[in-house]
Amino acid sequence: MVKAFVPQLAYFEPKALEYPLGKALYDKFSKMDIEIRETTSHNQVRNLPGDNDFQKYRHAKSTLVVGLRKTLKFDTSKPSAEYAIPFATGCMGHCHYCYLQTTMGSKPYIRTYVNTEDIFEAAEHYMEERHPEVTRFEASCTSDIVGIDHLTHTLKEAIEYFGQSQYGLLRFVTKFAHVDHLLDANHQGRTRFRFSINADFVIKYFEPGTSRLNERIEAAKKVAEADYPLGFIIAPIYLHEGWREGYQTMLENLADTLPSKAKADLTFELIQHRFTAPAKRVIQKNYPMTKLELDESKRKTKWGRYGIWKYVYTDEEQEEMKELFMTQIPKLFPKATIEYFT
């Protein structure tokens with residue numbers, strides 16, 4: 001099993017130590033003999049170890065920065081929620097295709113925010129604006145928060161906060177199986193716990209540093225038994241030799257493992273592999289040996305919402321994907337909802 005993340009290096013904003021969580025993390029890391037440094041801002045971390053960009057990138061992925069989230073205007077970038085809610089930024093995984101590589105730019109280190117009360121207060125404001133409608137908050141737009149929550153318990157605090165909320169729902173997605181500390185959270189059914197899953201081939205070659213498929217499915221079983229609403233993101237759907245069999249096996253393993261009660265309220269989100277020209281440059285810089293297929297001539301173009309062309313699969317290939325998933329998911333999970341294919 002992939003070991004739970006432990007930073008090799010930690011930076012603290014001075015003001016973070018004025019918060020209980022900041023002080024607790026400082027004490028915890030001191031006892032773990034993790035090197036601790038000070039930074040004036042979580043956006044201005046300098047002097048990361050490494051002689052070149054390749055080395056600095058890898059050191060950054062094992063660096064945790066503890067600071068305050070000062071910008072509390074939540075964005076609305078996800079189709080599955082009204083607002084993103086920011087408890088962390090960055091990820092310790094090394095998924096070759098990940099969009100965070102371009103959006104994080106020169107700051108691939110992981111950030112966690114200790115001023116959770118401020119974040120909850122801002123969330124309350126958004127809920128008040130929309131009530132009596134329910135407002136959904138997505139906690140994993142810029143991070144895989146489960147990957148660090150065994151250290152911070154910020155996500156667990158959020159789950160229990162929304163458990164007491166009348167008009168708010170929480171959702172997040174993870175590639176990590178380190179969920180045991182979240183199983184006893186008082187969620188009241190108001191948090192949808194989603195796992196990103198993929199064919200074994202994709203996880204093996206393009207998702208280093210994350211939990212294996214069987215570990216994610218076993219973690220999903222635990223989460224279902226803890227009565228969380230459950231969901232799965234199959235992303236990126238990636239065409240490779242034997243892809244139909246790979247995805248079919250993945251779905252069958254999931255159906256065989258999940259308890260029957262979990263199948264009464266499952267959601268699936270389907271996202272095909274895509275890339276942009278800037279993303280291709282960053283991917284090839286960070287993972288020069290990647291086998292990820294990034295040949296523009298094999299793709300069709302699609303105008304993206306952020307004003308840049310994306311390279312997606314051809315219409316024929318997309319129809320083949322849809323045919324597999326739109327047939328097999330209803331067959332194996334007849335009560336599940338497929339929220340979208342994109």
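Coordinates for the structure precede this section.
Described below are features of the structure shown in this document. Keep in mind it's a predicted model, so treat the numbers as computed, not measured.

## Brief notes about the overall build of the protein
Check the secondary structure of the protein and you find 11 helices and 14 strands. A compact globule built from 342 residues should have a C-alpha radius of gyration of about 20 Å, and the protein, at 20 Å, falls within 12% of that. Counting only C-alpha atoms, the protein reaches 55 × 50 × 40 Å along its principal axes. For the protein, the residues scored as buried account for 54% of the 342 residues in total. Contacts in the protein between residues at least 24 apart in sequence constitute 76% of all its contacts with a sequence separation of at least 6. Surface exposure of the protein reaches about 15800 Å², of which carbon and sulfur atoms provide 50%.

## Examining the nonpolar core
Grouped together as the largest cluster of nonpolar side chains are 92 residues, with contacts concentrated most on Ile234 and Tyr247. Among residues more than four places away in sequence, those in contact with Tyr247 are Asn198, Ala199, Val202, Ile234, Pro236, Ile237, Tyr238, His240, Leu324 and Phe325. Of all hydrophobic cores here, the second largest spans seven residues; its members include Leu9, Val45, Leu48 and Ala60.

## A word on the sheet that holds strand S2 (residues 35-38)
Strands sit in the order S2-S1-S3-S6-S5 across an open sheet of five strands; the sheet is mixed. Edge positions in the open sheet fall to S2 and strand S5 (88-89), since each of these has one partner strand only. Note that strand S1 (residues 9-12) and S2 share four bridges and pair parallel. Within the sheet, the bridge partner assigned to Leu9 lies in S2 and is Glu35.

## Focus: the environment of Cys141
Its place among the elements puts Cys141 in the loop between strand S7 (135-138) and helix H5 (146-152). The class for Cys141 is buried, based on a relative accessible area of 8%. Separated by 22 residues in the primary sequence, Cys141 and Ile119 have C-alpha atoms spaced 15 Å apart.

## Remarks on the sheet that holds strand S4 (residues 83-84)
What the seven strands build is an open sheet, ordered S4-S7-S8-S9-S10-S11-S14; its pairing is parallel. The open sheet is flanked by S4 and strand S14 (337-341), the only strands paired with a single partner. Pairing of strand S11 (residues 266-272) with S14 involves four bridges; the strand directions are parallel. Within S14, the position partnered with Thr267 by the bridge is Thr337. Strand contacts of helix H4 (residues 116-130): S4, S7 and strand S8 (168-174), with the helix running at about 150° to S7, the strand carrying the most contacts. Those strands touched by helix H8 (residues 213-225) are strand S9 (191-197) and strand S10 (230-237), and its axis lies near 165° from that of S9.

## Some points on the pattern of salt bridges
Scanning the model with the defined rule gives 19 salt bridges in all. In this structure, Arg299 engages Glu293 in a salt bridge whose closest nitrogen and oxygen atoms are separated by 3.3 Å. Put simply, Glu138, Arg171, Arg194, Glu269 and Glu339 are held in one network by salt bridges that share partners.

## A look at helix H6 (residues 154-163)
The element H6 is largely enclosed, with a buried count of seven among its 10 residues. Of all the positions in H6, only Thr154, Leu155, Lys156, Ala158, Ile159, Phe162 and Gly163 are classed as buried.

## Re the packing of aromatic side chains
Taken as a whole and judged by the stated rule, the model has 21 aromatic pairs. Grouping aromatic residues by their ring pairs yields a cluster made of Tyr83, Phe87, Phe120, Tyr126, Phe137, Tyr161 and Phe162. The ring centre of Tyr313 lies 4.0 Å from the NZ or CZ of Arg299, which sits over that ring.

## Quick look at H8
End to end, H8 covers 18 Å across 13 residues, agreeing with the expected 18 Å (1.5 Å per residue, within 8%). Taken as a whole, H8 has its buried residues at Leu213, Glu215, Arg216, Ile217, Ala219, Ala220, Val223 and Ala224. Summarising the contacts, the buried residues of H8 are in contact with S9, helix H7 (200-206), S10 and helix H9 (243-257). Directly beyond the C-terminal end of H8, a positive phi value near 70° is found at Asp227.

## Here's the deal with unusual backbone geometry
Residue His131 is joined to Pro132 through a cis peptide bond whose omega torsion reads 15°. Inspection of the secondary structure assignment puts Pro132 in the loop between H4 and S7. Residue Ala235 is joined to Pro236 through a cis peptide bond whose omega torsion reads -10°. Notably, His153 is not glycine yet its phi reads approximately 60°, a positive angle. Assignment of secondary structure puts His153 in the loop between H5 and H6. Its identity is not glycine, yet Gln188 carries a phi of approximately 55°, on the positive side. Along the chain, Gln188 turns up in the loop between S8 and S9.

The rules behind these values
- Residues numbered from 1 in each chain as written.
- Predicted model: local features only at pLDDT ≥ 70, side-chain atom pairs only at ≥ 80, totals over all residues.
- Heavy atoms only, no water.
- Helix = DSSP H or I, 4+ residues; strand = E, 2+ residues; numbered from the N terminus.
- Rg over C-alpha atoms; globule rule 2.2 N^0.38 Å.
- Buried < 20%, exposed > 50% of the residue type's maximum accessible area, 1.4 Å probe, protein only.
- Contact = heavy atoms within 4.5 Å.
- Areas by Shrake-Rupley, 256 points an atom, 1.4 Å probe, with all protein chains shown as cover.
- Core = buried A, V, L, I, M, F, W, Y, C linked by side-chain atoms within 4.5 Å.
- Pairing = 2+ DSSP bridges.
- Axes fitted to C-alpha atoms, helices over the stretch in contact; angles between N-to-C directions.
- Salt bridge = Lys/Arg side-chain N within 4 Å of Asp/Glu carboxyl O.
- Phe/Tyr/Trp six-rings, centres within 6.5 Å; stacked < 30°, edge-to-face > 60°.
- Lys NZ or Arg CZ within 6 Å of the ring centre and 35° of its normal.
- Expected span 1.5 Å × (residues − 1).

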